Amino acid sequence: MTPLNIPEWQSLVRHYSDLKYVSMREQFALDSDRAQNFLVKSGDLLLDYSKNRITKETMEKLVALAQSVNMNDWVERMFSGEAINNTEGRAVLHTALRNRSNTPVMVDGKDVMPAVNAVLTQMKNFCQQVHNGEWLGYTGKRITNIVNIGIGGSDLGPAMICDGLEAYGVEGISVHFVSNVDGADLSTTLEKLNQETTLFVVASKTFTTQETLTNAQSARAWFLKTAKQADVAKHFVAVSTNAKAVAEFGIDTENMFEIWDWVGGRYSLWSAIGLPIALYIGMDNFERMLAGGHEMDLHFRNQPLAENMPVIMGLLGVWYINFHGAQTQAIVPYDHSLARFPNHMQQLDMESNGKVTNREGQRISYKTGPIIWGTPGTNGQHAYFQLIHQGTQLVPVDFVLPVNSHYPECDHQSILLANGLAQSEALMKGKNAEEVRAELMAEGYEGKALEALLPHKVFPGNRPSNTLLFPQLTPEMLGQLVALYEHKVFVQGVIWNINSFDQWGVELGKQLAKAIVPELKDGAEISPHDSSTTNLINLIRTLRK
Ligand code: F6P
């Protein structure tokens, strides 16, 4: 099934041609209620989507498109545990991990909630023991440093949340994230730490990931420089689906926190993969984050499509990607503690919707997932915003704005917020030639000098953005925000008729790397590669010290 043939899609193609020359600036001038008409709320989270290239009719047509692909049915199929990850034959149930209403969620005839709750209790007990000093290191000292060893979904989400909720950090506990197999990542982390007070969380859903196992082995070797094998149990715990591999690695399965195959890696921060979060901010705050995610789930499941935040964001994305030809989406949080938010969203979106094959296995001929990127404001303004304002690419932007800071001792918040608002206003309005002319004349320019400078100072405007506004970045709010983007990605996957929950595209590189590792040794046989790769292998051998 291709969405291109759906009448509602065709109708949007025609609507796009009609709307091509309509500017948002005019729309705002014509409709004094525009800001109110394109506003949606979920709890304390507000989405202003009025600065988009849309009219009331556009939204009606986009919602009709969502209806035509049975969006509501898909949402129910996901929440109710159907195996919608068809290529892996798995349910997709990150929503069960934060199901605070605790209603049964059935997979293959079995309610998963008792197992989810049991692991949450195990996490709670463990965090309490570490925090109150019952769980001590091998020389009787308290644990002060947590090192999470994981990669991709077993790293990005937890690292982002720990940064984002730094203001909630438990006193006396620091957290570190080691992901890269580049030895610099582990070495530079360990050089600051002491074996007696460090706890390693080895986080790997599969427990087969080369980078994570290599880092975990080196961390254990570092630990054994001062401690004995019998002490490993006090300093290494694991999060995985794979108890056998955990035991083989030498971690006591008593100290393993279970996750399940129905949790996708990039959707797993809500599971025991979130253990470093719970150790860092405390289990109560972790549960507050789950509650925020659950609140967004209720919104997504129950609100009509036209008032549904993830649906609206997903549809706007489709509008820009498939009709306006946008290739990227910037996510710009005006909160320094959310510096890693775009990175997590990058994996979430690009690993989910970076697909060229539809659910039926056919190659598709329309655009799917965009390139996701961004950094915190205001830094981005002084780096890449030039292109967003005046470049030739259309880059929709999500501005993420918390009203109040956790750091009032440096009261910079008004400047920060004003900058966020100014960017979205400037992108929408732009500055036309008449306005630039008036400005230049007021500055004393005239004649040729004025005419030469004028075109460079024109801003085309009509550049779209969303603004997500909320009172403060609390655990609940961050939970809501992450769940919002998870569901947005799902909405787009449904429209594009792709499975957002597999990631076969990462396998080929892994396979090839395994084959190349032994070939980098001097004298080892080199299997047939393309001539470039063979040449590079030989060069590396020669240059290697
Ligand atoms: O290579 C991609 C990937 O499979 C991600 O989907 C996943 O989050 C990451 O690797 C880590 O996998 P694991 O948790 O099994 O080590």
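Residues numbered from 1 in each chain as written. Predicted model: local features only at pLDDT ≥ 70, side-chain atom pairs only at ≥ 80, totals over all residues. Heavy atoms only, no water.

The protein has the name glucose-6-phosphate isomerase in an unreviewed UniProt entry, where marine sediment metagenome is given as its organism. Of the protein, the UniProt comment under Pathway (unreviewed entry) reads exactly: "Carbohydrate degradation; glycolysis; D-glyceraldehyde 3-phosphate and glycerone phosphate from D-glucose: step 2/4." (UniProt positions renumbered as here; feature names shortened; annotations may be inferred.)

Q: It is not clear to me how the side chain of R98 should be interpreted in this structure. Could you clarify?
A: Turning to its location among the elements, R98 is positioned in the loop between α6 (94-97) and β3 (106-107). Look at R98 and you get buried, because its relative accessible area is 0%. A distance of 2.7 Å separates polar atoms of two side chains, one belonging to R98 and the other to E486. In this structure, R98 is in contact with W270, L290, G293, H294, D297, A483, E486 and H487, ignoring residues within four places of it in sequence. (Helix = DSSP H or I, 4+ residues; strand = E, 2+ residues; numbered from the N terminus. Buried < 20%, exposed > 50% of the residue type's maximum accessible area, 1.4 Å probe, protein only. Polar contact = N/O pair within 3.5 Å; in protein donor to acceptor, adjacent residues only side chain to side chain. Contact = heavy atoms within 4.5 Å.)

Q: Would you explain the pattern of salt bridges in this entry?
A: Side chains bearing opposite charge may pair, as long as their charged atoms lie close to each other. Counted according to the given criterion, the structure contains 21 salt bridges. Taking the shortest distance from any N to any O, the salt bridge between E248 and K244 comes out at 3.4 Å. Taken together, the residues E248 and K244, both in helix α12 (residues 243-249) and 4 residues apart, mark about one turn of the helix. There is no split in this pair, since E248 and K244 are both exposed. (Salt bridge = Lys/Arg side-chain N within 4 Å of Asp/Glu carboxyl O.)

Q: I tried to follow the environment of P471 on my own but got confused; where do I start?
A: Counting through the fold element by element, P471 comes out in strand β13 (residues 465-472). Using a relative accessible area of 33% as the deciding quantity, one classes P471 as partly exposed. Not counting residues up to four positions away in its chain, the partners in contact with P471 are D44, P402, V403, N404 and M477.

Q: Explanation requested: the site of the ligand in the structure shown.
A: Lining the immediate surroundings of the ligand are 14 residues, of which S154, S204, T206, T209 and E351 lie closest. In this structure, G153 approaches the ligand through a main-chain N or O atom, which is 2.8 Å from an oxygen atom. Backbone polar atom of K205 to an oxygen atom of the ligand: 2.8 Å apart, as the coordinates give it. Surface burial for the ligand is 88%, taken as the share of its 390 Å² of free accessible area covered by protein chains. Residues of the shell around the ligand, tallied by class, amount to 2 nonpolar, 9 polar and 3 charged. (Near = heavy atom within 4 Å. Areas by Shrake-Rupley, 256 points an atom, 1.4 Å probe, with all protein chains shown as cover. Nonpolar A, V, L, I, M, F, W, Y, C, P; charged D, E, K, R; others polar.)

Q: Would you explain helix α5 (residues 71-79) in this entry?
A: For α5, the complete set of buried residues consists of M71, W74, V75, M78 and F79. The arc enclosing the buried residues of α5, seen along the axis, measures out at 130°, which places them on a common side. Taken from the residues just after α5, G81 is the one with a positive phi, measuring 90°. (Arc of directions from axis to C-beta.)

Q: What exactly am I supposed to notice about the sheet that holds strand β2 (residues 45-48) here?
A: Sheet strands associate in pairs through backbone hydrogen bonding, adopting either a parallel or an antiparallel arrangement. With respect to topology, 6 strands assemble into an open sheet ordered β1-β2-β13-β12-β10-β11, the strand pairing being mixed. The open sheet is flanked by β1 (39-42) and β11 (371-373), the only strands paired with a single partner. Within the sheet, the average angular offset between the axes of one strand and its neighbour, ignoring direction, is 15°. Relative to β13, strand β12 (residues 397-404) runs parallel, the two sharing 7 bridges. Residue pairing in the sheet places N404 in a bridge with Q472 of β13. The strands that helix α18 (residues 413-429) touches are β12 and β13; relative to β12, the one it contacts most, it runs at about 155°. Those strands touched by helix α21 (residues 475-496) are β1, β2, β10 (328-333), β12 and β13, and its axis lies near 155° from that of β13. (Pairing = 2+ DSSP bridges. Axes fitted to C-alpha atoms, helices over the stretch in contact; angles between N-to-C directions.)

Q: What is the right way to read the packing of helix α1 (residues 7-19) against helix α4 (residues 56-68) from this model?
A: To characterise two packed helices, one gives the angle between the axes of the helices and the distance between these axes. Contact pair α1 / α4: the axes reach a minimum separation of 9 Å and the direction vectors enclose 160°. Taken together, α1 and α4 sit at an angle that is classed as roughly antiparallel. Helix-helix and strand crossings are classified by hand; for α1 and α4 the assignment is left-handed. On α4, the residues touching E8, W9, S11, L12, H15 and L19 of α1 are E57, T58, K61, L62, A64, L65 and S68. (Parallel < 35°, antiparallel > 145°, perpendicular 65-115°, else oblique. Left-handed = near helix turned anticlockwise from the far one by under 90°.)

Q: Can you walk me through the sheet that holds strand β7 (residues 198-203) in this structure?
A: Taken in spatial order, the 5 strands of this open sheet run β6-β5-β7-β8-β9, and their pairing is parallel. On the outer flanks of this sheet lie β6 (174-178) and β9 (256-258), each paired with one strand and no other. The sheet shows a mean angle of 20° between the axes of neighbouring strands, taken without regard to direction. Sheet topology note: the strand β5 (residues 145-149)/β7 ladder contains 5 bridges and is parallel. Counted as the bridge partner of V147 is F200 from β7. Across the face of the sheet, helix α9 (residues 183-190) comes into contact with β6 and β7 while running at roughly 160° to β6.

Q: I keep staring at the side chain of N353 and nothing clicks. Help me out?
A: For N353, the position within the fold is in helix α16 (residues 341-353). Owing to a relative accessible area of 0%, N353 belongs among the buried residues under this scheme. A polar side-chain atom of N353 sits 3.0 Å from the main-chain carbonyl oxygen of V489.

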